[in-house]
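Each chain, written out:
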Amino acid sequence: MPISRASSSAQPDTIVEVPSSIQRWFDVELSKAKTKSLTNYKSTEDFFRSDSARLIGYLTKYSSSKDFTTGMVYTDNVLTNETITSLIRIQPDGKFEANFPLSYPSRILVTFRDKSFSVYLEQGQTLALAIDDFSDDESVTAENVRFFGPTSRINKELVALHGQTLNLASLKEGARTIKPERFLARQLKRWDEDILAIDEKMKGRGFDDRTKKIAKNEVILSHVIYIYNYMLERDRIAKEDSTNQICSNAISDDFYDFLTKVPLNDYTLLTTYNFSTFINKFESNAPLNLKSIMVALRQKPKKSFTEYLFGELDNEPRKEDREYLEILEKFRSEQLTKEQKVSILKDAESKRRAFEDFYQEQFINYQLKYIDNLRVYDVPESLKNWERQDEILNRKYGLDNTFVYQLVKVRDLKFIFTNLTKDDAETFLNSVQKKLNAAVLQVTSESLFKKAYLTSNNQGYKLPNDENTAVLRKITDKFLGKKILIDFWGTFCAPCVENIQSSKALREKYKDSNRFEFVYITSEEKSPEDRYVAFIKSQQLTNTYRLSGDDYRRLQDLFKFNAIPRYVLVSESGTVINDDFYFPNIQKEIDKGAEN
């Protein structure tokens, strides 16, 4: 989120007092920066170049007796779809610093405890901040932050321009009661008004051209995100309330014409604080839905679940099982109409849930044995499907040759490569690269391929001997000699909770194993104590650790992750096999140990 402010007339330079010793430190550190001039936005070579950047600063009235000694910097690399975390170390006198990589000028997120704000920084540069002490009920505002360094002017101007956020409560009610066409017309009018308002705010004030570009693009993306959220809210309501006619009716193709108002060929969109949110919604929702282009070869499992359950496992069907199986048999009848089948499924819903709950452990084992290895993709047909989608999107919305659309396709390679052999992936890559106009996208796609197929290290890697690793060792040293799956999670993370619940049978199966352990790590900030205690009790979790915010941030810095759930696979000797493990492959990984 951007730094908030109460008034656009505030003068940040006159607010925060900086001691002379701190000012001298700032001056010395700023003089060491590799780059002191600002990026030329008109040159892709200057805009896209990888280098380190540095954040330094001073927290006034800070004392080491406070309950935090670290902060965190989050930098989004939207080219590779990664969020990179870097630890901020706070010294007893309130000085802090962090180093991190940048691939293009960025609005990075800085956090101290539960306070977050974004600042603008460029590759090779250092930005210094002086932040006045803030209490639990205060945010970081223009009145308590001061900037130093080449990008200080841009940061002060962006603070002065920060406007109102869009009303999410109004959005939820609007999705329920306002038809898409009326909602879009109203939103496009507000969009145009906000662009005029930001232009008026900047008029005659001598703002830097980069500030103007960033500020206008952030307004545009805020409105696009709001529209996507409306669409998602409609989908949610339609699932919960089938009687709502407004939400049950499909959105027409013309609705997505709003995309033509977005400067999708402008690569400087990447500098905005909200571009990562925008592109995540853009690529995963209509009209794109890019992952749907992959065509899987249909392969029938050797056995159905019922054949596995009542044949291979020799379970005797219960009375309620036989009733449910009779309903399934009736559903498969070719003589039934679509409406009749829908009615049968609706009537059988409670029986289906009871059946699945009762045989949850058996279904997990069935899926691991008969389903997980079946997914094979038809590369030629998938490429044809992608070309067909390109043609449709280009004809309707003019997307095909835009930078952002091509970026989406490059980002999707990361997912695609996890499902293809090296030869098939190379075929896919070559086809995609023929349509990439920007050199940075060519380079990024090539690096994703190399990372997936040419730089894998089956031996894993050793962790550095530092304070971050020391936090991990306190937890994992007792498990040396066993392979460990570390699950970083939180009680408010729905996918985290769902994965822990669904793997309960697997944990039970290996609870006494002498070669494998599940380890669960969360923090005081991500898991309030009452919810944490209740959940681990309900799931009978063992080897679970609720760390302080500082210790958890050290582990985030160690493995460079932000989003959870995150899974890390550690070998018997303590080396890291995979620091971004794909959880559905856990049974295969356990079985490897059994074979050795």
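In the block above lies the structure referred to throughout.
The structure displayed is predicted, hence computed values, not measured ones. (Residues numbered from 1 in each chain as written. Predicted model: local features only at pLDDT ≥ 70, side-chain atom pairs only at ≥ 80, totals over all residues. Heavy atoms only, no water.)

Chemist: How do you make sense of the overall build of the protein chain when you look at a structure like this?
Modeler: Scanning the protein chain for helices and strands turns up 23 helices and 15 strands. Burial analysis of the protein chain (596 residues in total) assigns 48% to the buried set. Across the protein chain, every contact between residues at least 6 apart in sequence was considered, and the portion connecting residues at least 24 apart equals 75%. Carbon and sulfur atoms make up 48% of the accessible area of the protein chain, which amounts to about 30,000 Å² in all. In the protein chain, the 88 positive side-chain charges and the 89 negative ones have mean positions that sit 1 Å from each other. (Helix = DSSP H or I, 4+ residues; strand = E, 2+ residues; numbered from the N terminus. Buried < 20%, exposed > 50% of the residue type's maximum accessible area, 1.4 Å probe, protein only. Contact = heavy atoms within 4.5 Å. Areas by Shrake-Rupley, 256 points an atom, 1.4 Å probe, with all protein chains shown as cover. Lys, Arg positive; Asp, Glu negative; His and termini not counted. Charge placed at Lys NZ, Arg CZ, Asp CG, Glu CD.)

Chemist: Would you take a moment to explain the packing of aromatic side chains for this structure?
Modeler: The relation between two aromatic rings is expressed through the spacing of the ring centres and the mutual angle of the planes. Tallied over the entire structure, the rule returns 40 aromatic pairs. On the numbers, 6.1 Å between centres and 90 degrees between planes, the contact of F310 with Y359 is edge-to-face. Highlighted residues: F310 in helix α9 (residues 305-312) and Y359 in the loop between α12 (349-358) and α13 (360-371), separated in sequence by 49 residues. Each member of the pair, F310 as well as Y359, carries the same accessibility label: buried. (Phe/Tyr/Trp six-rings, centres within 6.5 Å; stacked < 30°, edge-to-face > 60°.)

Chemist: Is there a simple way to explain the sheet that holds strand β7 (residues 126-131) in this structure?
Modeler: By way of backbone hydrogen bonds, the strands of a sheet pair with one another, either parallel or antiparallel. The eight strands lie next to each other as β6-β5-β2-β3-β4-β1-β7-β8, forming an open sheet whose pairing is mixed. Each of the sheet's edge strands pairs with one partner strand only, and the pair in question is β6 (115-121) and β8 (145-148). On average, each strand axis in the sheet is inclined to that of its neighbour by 25 degrees, with strand direction left out of account. Both strand β1 (residues 51-59) and β7 contribute to a ladder of six bridges, which runs parallel. Looking at β7, one finds that G57 is bridged to L129. (Pairing = 2+ DSSP bridges. Axes fitted to C-alpha atoms, helices over the stretch in contact; angles between N-to-C directions.)

Chemist: Sorry, what's going on with empty space enclosed by the protein here?
Modeler: Over the atoms, a rolling probe the size of a water molecule traces out where space has been left empty. Within this structure, the stated rule accounts for three cavities of 30 Å³ or more. Quantified by volume, the second largest cavity comes out at close to 50 Å³. Every residue lining the second largest cavity is listed: R473, T476, D477, F479, L480, K482, I484, V570, S571, E572 and G574. By residue class, the composition of the lining of the second largest cavity is four nonpolar, three polar and four charged. (1 Å grid on protein atoms, 1.4 Å probe; cavity = no way out; pocket = protein on both sides within 12 Å on 5 of 7 lines; lining within 4 Å. Points joined across faces, edges and corners; volume = space filled by probe spheres on them. Nonpolar A, V, L, I, M, F, W, Y, C, P; charged D, E, K, R; others polar.)

Chemist: Please explain the packing of helix α8 (residues 275-284) against helix α15 (residues 403-417) as it appears in this structure.
Modeler: Helix packing geometry: the angle between the two helix axes and the distance between the axes. Look at α8 against α15: their axes get within 11 Å of each other, and the N-to-C directions meet at 75 degrees. The angle between α8 and α15 falls in the class roughly perpendicular. Mapping the contact onto sequence places F275, F278, I279, N280, F282 and E283 in α8 and V404, Y405, L407, V408 and R411 in α15. Partitioned by chemical class, the residues of the contact of α8 with α15 number eight nonpolar, one polar and two charged. (Parallel < 35°, antiparallel > 145°, perpendicular 65-115°, else oblique.)

Chemist: How should I be thinking about the pairing of β8 in this particular structure?
Modeler: Along a regular strand, successive side chains alternate from one face of the sheet to the other. Because side chains alternate across β8, one face comprises the buried residues V145 and F147, and the other comprises R146 and F148, equally buried. As paired elements, β7 and β8 share four bridges and run antiparallel to each other. From the neighbouring strand, L129 faces β8, where its bridge partner is F147.

Chemist: I would appreciate a short explanation of the environment of I564 in the present structure.
Modeler: Tracing the sequence through the fold places I564 in the loop between α22 (549-559) and β14 (566-570). Expressed as a C-alpha distance, the spacing of I564 and N274, which sit 290 residues apart in the sequence, is 20 Å. Those residues in contact with I564, other than ones at most four positions away along the chain, are F488, W489, G490, C493, C496, K526 and Y552.

Chemist: Explain the sheet that holds strand β11 (residues 483-488) here, please?
Modeler: If you walk across this open sheet you meet the five strands as β13-β12-β11-β14-β15, and the pairing is mixed. What marks the edges here is a single partner per strand, and that holds for β13 (544-547) and β15 (576-578). Ignoring which end each strand starts from, the neighbouring axes of this sheet average 30 degrees apart. Taken together, the four bridges between strand β12 (residues 516-523) and β13 define a ladder with parallel strand orientation. Across the sheet, the residue bridging to Y520 is T544, located in β13.

Chemist: Any chance you could explain the nonpolar core here in plain terms?
Modeler: Side chains of nonpolar character tend, in soluble globular proteins, to be buried together. Counting residues in each nonpolar core, the largest one holds 76 residues, and the members touching the most others are F258, F275, F278 and F282. If one sorts the elements of this core by residue count, helix α6 (residues 209-240) sits on top with 13 residues. Leave out the neighbours within four places in its chain, and F275 touches V78, L221, L269, L270, V404 and L407. L463, I475, C493 and Y545 belong to the second largest nonpolar core, which has 45 residues in total. (Core = buried A, V, L, I, M, F, W, Y, C linked by side-chain atoms within 4.5 Å.)

Chemist: Looking at this model, I keep getting lost on the environment of D235. Mind explaining?
Modeler: Assignment of secondary structure puts D235 in helix α6. The class of D235 is partly exposed, set by a relative accessible area of 41%. Residues D235 and K409 lie 174 residues apart in sequence; the distance between their C-alpha atoms is 25 Å.

Chemist: What is the right way to look at the state of the cysteines in this model?
Modeler: Here a disulfide denotes one covalent bond, and it connects the sulfur atoms of two cysteines. This model, assessed by the stated rule, comprises one disulfide. Paired by a disulfide, C493 and C496 hold their sulfur atoms 2.2 Å apart. Residues C493 and C496 are joined through a disulfide that is right-handed, its torsion about the S-S bond being 80 degrees. Judged on exposure class, the residue C493 and its partner C496 are both buried. (Disulfide = S-S within 2.5 Å.)

Chemist: What exactly am I supposed to notice about α9 here?
Modeler: Within α9, burial applies to F305, Y308, L309 and F310. Buried residues of α9 fall within an arc of 165 degrees about the axis and therefore sit on the same side. Elements in contact with the buried residues of α9: α10 (319-331), α12 and α13. Phi turns positive one or two residues past the end of α9, at D314, with a value near 60 degrees. (Arc of directions from axis to C-beta.)

Scope: geometric values only; no functional claims are made or implied.
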